[in-house]
Amino acid sequence: MLDLGFSSLAGRLRRSEIRELLKVTLHPDTISFAGGLPDPMIFPYQAVEAASARVIKEHGRRALQYSPTEGEPFLKEQLAQFMRRQGDIAKPEDIIVVSSSQQGLDLIGKIFIDPGDPVIVERPTYLGTVQAFRAFGADFCGVDMDDDGVIPEELEETIVRLRQQGRKPKFIYLIPDFQNPSGVTLSMERRRRVLDIASRNDLLIVEDSPYRELRFRGEVLPSLYAMDTEKRVLMMKTLSKMFCPGFRLGWMVGPPEAIDKIIMAKQMTDLCTSAYTSIMTGFLIQDGLLERQIEISKNLYVRKAEVMLRALVEHMPPIDGLSWSKPDGGMFLWVKLPEYMDTMEMLAEAAAAKVVYVVGTGFFADGSGRNEMRLNYSYPSEEKIMQGVERLAEVVRKRVRGGQPQEATQ
Ligand SMILES: Cc1ncc(COP(=O)(O)O)c(C=O)c1O
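Residues numbered from 1 in each chain as written. Predicted model: local features only at pLDDT ≥ 70, side-chain atom pairs only at ≥ 80, totals over all residues. Heavy atoms only, no water.

Trainee: Which parts of the structure should I look at to understand a nonpolar patch on the surface?
Mentor: A surface patch of nonpolar side chains, about 400 Å² in accessible area, is lined by Leu 2, Leu 4 and Phe 6. Note on placement: Leu 4 falls in the segment before α1 (8-12). A residue is classified by how much of its surface remains accessible, and Leu 4, at 55% relative accessible area, is exposed. (Patch = residues over 30% accessible without salt bridge, like charges linked within 9 Å, V, L, I, M, F, W, Y side chains within 5 Å. Areas by Shrake-Rupley, 256 points an atom, 1.4 Å probe, with all protein chains shown as cover. Salt bridge = Lys/Arg side-chain N within 4 Å of Asp/Glu carboxyl O. Helix = DSSP H or I, 4+ residues; strand = E, 2+ residues; numbered from the N terminus. Buried < 20%, exposed > 50% of the residue type's maximum accessible area, 1.4 Å probe, protein only.)

Trainee: For this particular structure, what's the right way to read unusual backbone geometry?
Mentor: Trans is the common state for peptide bonds, and a negative phi is the common state for residues other than glycine. Residue Pro 124 is reached from Arg 123 by a cis peptide bond, and omega for that bond is 0°. Here Pro 124 is to be found in the loop between β3 (118-123) and α6 (127-135). Omega for the bond connecting Asn 180 with Pro 181 falls within 30 degrees of zero, at 20°, which places this linkage in the cis form. Backbone geometry at Ser 100 places phi at a positive 75°, although glycine is not the residue there. Inspection of the secondary structure assignment puts Ser 100 in helix α5 (residues 100-112). Phi at Arg 248 takes a positive value of approximately 50°, unusual for a residue other than glycine. Tracing the backbone through its elements, the reader meets Arg 248 in the loop between β8 (233-238) and β9 (250-253).

Trainee: I'm lost on the pairing of strand β11 (residues 332-336) in this one. Help?
Mentor: Regular strands have side chains that alternate between both faces of the sheet. The element β11 is largely enclosed, with a buried count of four among its five residues. Of the strand pairs in this sheet, strand β10 (residues 323-324) and β11 are connected by two bridges, and their pairing is antiparallel. Across the sheet, residue Trp 324 finds its bridge partner in β11, namely Val 335. Pairing of β11 with strand β14 (residues 372-376) involves five bridges; the strand directions are antiparallel. If you follow Trp 334 over to β14, its bridge partner there is Arg 374. (Pairing = 2+ DSSP bridges.)

Trainee: Any chance you could explain the packing of aromatic side chains here in plain terms?
Mentor: Counted according to the given criterion, the structure contains ten aromatic pairs. Summarising the aromatic geometry, the rings of Phe 243 and Phe 247 are spaced 5.7 Å apart at their centres and angled 55° between planes, so their arrangement reads as tilted. Comparing Phe 243 with Phe 247, the two get one shared label, buried. Seen from their ring centres, Trp 334 and Phe 364 are 6.4 Å apart, and the 45° between their planes marks the pair as tilted. (Phe/Tyr/Trp six-rings, centres within 6.5 Å; stacked < 30°, edge-to-face > 60°.)

Trainee: Would you mind going over helix α10 (residues 256-270) with me for this structure?
Mentor: In an α-helix, one turn spans 3.6 residues, which is why side chains three or four residues apart end up on the same side. The terminal C-alpha atoms of α10 lie 21 Å apart, and with 15 residues this matches the ideal 21 Å at 1.5 Å per residue to within 8%. Inspection of α10 places Ala 258, Ile 259, Ile 262, Ile 263, Ala 265 and Lys 266 among the buried residues, and these make up the whole buried set. (Expected span 1.5 Å × (residues − 1).)

Structure (structure tokens):
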């Protein structure tokens, strides 16, 4: 048989067990709380159709050509203006356009991570990040979170522990706003402390920020990038959640030396992001359609989040050890079940009851999170959210130890 002689990186590649599991559990009548998808009913396809026609009319030949690796200058100008309106200052030349954040994660892995390198992440963290950095052999050092985000004391302890072993983390990777998966937001006070810890320990922060614009409650907090005075924050943005994921368009901004290396790494990955999509996106931002879409999304997601929270209160059994986060924005909430429950084992029962979620373990590099799960509320309709939570609550109820609980009262 042919010995394909794969590289050591190829040897580290893993199919996401969780994504595979979800594929087989999906039935047409199944209500899925598993994806991280925006609601397609609000995709502004007429505006996209018009912008698309305009690209061909005004920039036809150029839009069908290769473009600079760092991105179309017109788009970068529009992105810089959009960022400014969100409180983030960047010059167009400081921005690199990427094929969405997932490519950004891969490029970060390429330029920073050698096998065995420690990388600090939140516990839990985004599944796609674990997958991307694991391929480069990252040694994940997870730091616990509470309702205010990552816990600074634990962050500091982790850095000290590594230092005692003669190691320095490559960077601190954080999703400060409406984190995927937990829905939790890093508080203002903690933002300052995290920046201070990074500064004292001379560490880079990678701020992954797909959800910040989708705040539907509470006060807007500045990004770590905006608060940073030392150029130690590399911020990743994407249109996927605030506009649509189908464009595969994101951007990064941060320390110039890092952006420079990322440009080189991107050059060998895909040469450039689509000029056609880039120019179209530039028009959409210029015409205010991105901000309009953000408003539409927030108005819808706040209602959906409320429906899910109300349904959880109404249907979940009132038992010790059961709790869920209450997000102020974004697309997810995080459910913790009693420790004796296992969401991986429970998934088959949930799928049989025609409701699915993502099991907690995928979001922990160390395999913990067995009694936890992520629920998405942006994709299903309000009606499906109510039905789905009712089904899920029934599955949980069957697993309660020590007899049937009382009717929910909380
Ligand atoms: C925190 C985070 N980073 C990155 C991504 C990847 O998004 P995309 O590649 O669509 O921009 C996601 C998607 O769910 C995410 O939640």
